[in-house]
Amino acid sequence: QVQLVESGGGLVQAGGSLTLSCAASGSIFSRYTMGWYRQAPGKQRELVARITSGGNSNYADSVKGRFTISRDNAKNTVNLQMNSLKPEDTAVYYCTTECSEPVAGSIRYYGVDNWGKGTLVTVSS
């Protein structure tokens, strides 16, 4: 069982930046695609970004060009650099793992296996 612990949430003004970090337990970190999901009050949980063990990444359209996901397999960590933050980015952000495999030059994702407890990001206008 993988344990995920997020950190780095807080309050920031619109237009500012914040970096979230996730630390994973165990030695199987490199076997998973890592991701960040978020959920705002009254909203559906949504994918923000994810990155495979090989470094392939994708992003929600709403954050593309503003957020960057990265990972360090040696340190069992994954980060989310968030720039140009908007009030609509306010949410609880969750670190995740999921299985994936390459398929015909693309990536097939099988869904989230593990969730962190979340860290709150609040962006003021």
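Residues numbered from 1 in each chain as written. Predicted model: local features only at pLDDT ≥ 70, side-chain atom pairs only at ≥ 80, totals over all residues. Heavy atoms only, no water.

1. Description of the pattern of salt bridges
This is how it is decided: Salt bridge, as used here, is a side-chain nitrogen of Lys or Arg placed within 4 Å of a carboxyl oxygen of Asp or Glu. Strands are runs of DSSP state E lasting at least two residues, helices are runs of H or I lasting at least four, and both sets are numbered from the N terminus onward. We call a residue buried when its accessible area falls under 20% of the maximum for its residue type, exposed when it is over 50%, and partly exposed in between, using a 1.4 Å probe and counting protein chains only.
In total, this model carries 6 salt bridges according to the counting rule given. R50 is the salt-bridge partner of E98, the closest N and O atoms lying 3.2 Å from each other. Taken as a pair, E98 in strand 9 (residues 91-103) and R50 in strand 5 (residues 46-51) lie far apart in primary sequence, 48 residues in all. Since its relative accessible area comes to 1%, E98 is described here as buried.

2. Regarding the sheet that holds strand 8 (residues 77-82)
Heads up, the condition is: Only strands that DSSP links by at least two bridges are regarded as paired with each other. To get an axis, fit a line to the C-alpha atoms, keeping to the stretch in contact for a helix; angles then go from 0 to 180 degrees between the N-to-C directions.
Read from one edge of the open sheet, 4 strands run 1-3-8-7, paired in antiparallel fashion. Across the chains shown, the open sheet's two edge strands, defined by having one partner strand only, are strand 1 (4-7) and strand 7 (67-72). Averaged over all pairs of adjacent strands, the angle between their axes in this sheet comes to 15°, without regard to strand direction. The sheet contact formed by strand 3 (residues 18-24) and strand 8 spans 6 bridges and is antiparallel. Residue pairing in the sheet places L20 in a bridge with L80 of strand 8.

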